[in-house]
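Coordinate inspection notes
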Amino acid sequence: MEDDDFDLGLRLRALRQLNGLSQRELAKRAGVSNAVISLIEQNKSSPSVGVLKKVLAGIPISVSAFFSEDLTPRQKVFYRAEDLTEIGSGNISYRQVGRDLSDRALQILHEKLQPGADTGETLLRHESEESGIIVSGEIELTVGDQRKILKAGDAFYFDSRIPHRWRNPGAKEAVIISACTPPTF
């Protein structure tokens, strides 16, 4: 990393959040005011080595480790539209964020159901929870003995162990952004 690229405030914030600490908690542990942490993270204050050492002791991490450890996420963070993985077929498109979800706790899908598309007479069931928002069009969602037509802006959230089914009864494509945890779909 070049010196021009180093952002002390951003690095401190990332490390604090990685350790599950609020600004207030870190300030308390370090024996400094909440304002000190806030100003450093906003790059509005350049702390002395002594203050930085005191703040980092609240995490705890050494000054050398703070500057040398790689805080880059090990997994891909950003995905372009063309990076989404198609896992659907026919009249239903399920474009998944990420390819291998074996070490992930959440599955995000960009779903498109063509007019008349249906997940089938056999109801779906899997060990997870699902939630989503209808972006455009409409769908008929059946969960157990409940059935509802959902339109743009409507949402759903249910236990996926309950038998369920999707259908697009409308005349135009339905688009949904959904999440499933754990990723068992």
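Residues numbered from 1 in each chain as written. Predicted model: local features only at pLDDT ≥ 70, side-chain atom pairs only at ≥ 80, totals over all residues. Heavy atoms only, no water.

The name an unreviewed UniProt entry assigns to the protein is XRE family transcriptional regulator, from the organism Kiloniella spongiae.

1. Section: the sheet that holds strand β2 (residues 92–96)
Taken together, the 6 strands give an open sheet; going across it, the order is β1-β2-β3-β9-β4-β7, and neighbouring strands pair in antiparallel fashion. The sheet is open, and its two edges are formed by β1 (85–86) and β7 (155–159), each paired on a single side. As judged from the 7 bridges shared by strand β3 (residues 107–113) and strand β9 (residues 174–181), these two strands associate in the antiparallel manner. Directly across from Ile108, in β9, lies its bridge partner Ala179. (Pairing = 2+ DSSP bridges. Helix = DSSP H or I, 4+ residues; strand = E, 2+ residues; numbered from the N terminus.)

2. Remarks on the layout of surface pockets
Of the volumes computed, that of the largest pocket is approximately 210 Å³. Along its surface, the largest pocket is lined by 13 residues, and Lys76, Tyr79, Val97, Leu101 and Arg104 are the ones closest to its centre. (1 Å grid on protein atoms, 1.4 Å probe; cavity = no way out; pocket = protein on both sides within 12 Å on 5 of 7 lines; lining within 4 Å. Points joined across faces, edges and corners; volume = space filled by probe spheres on them.)

3. Let's talk about the packing of aromatic side chains
Evaluation of the coordinates by the stated rule reveals 4 aromatic pairs. Arranged with centres 6.0 Å apart and planes meeting at 40°, the rings of Phe156 and Phe158 form a pair that is tilted. Residue Phe156 is classed as buried on the basis of its relative accessible area of 7%. A relative accessible area of 7% means that Phe158 is categorised as buried. An aromatic cluster is built from Phe156, Phe158 and Trp166, whose rings are joined through pairwise contacts. (Phe/Tyr/Trp six-rings, centres within 6.5 Å; stacked < 30°, edge-to-face > 60°. Buried < 20%, exposed > 50% of the residue type's maximum accessible area, 1.4 Å probe, protein only.)

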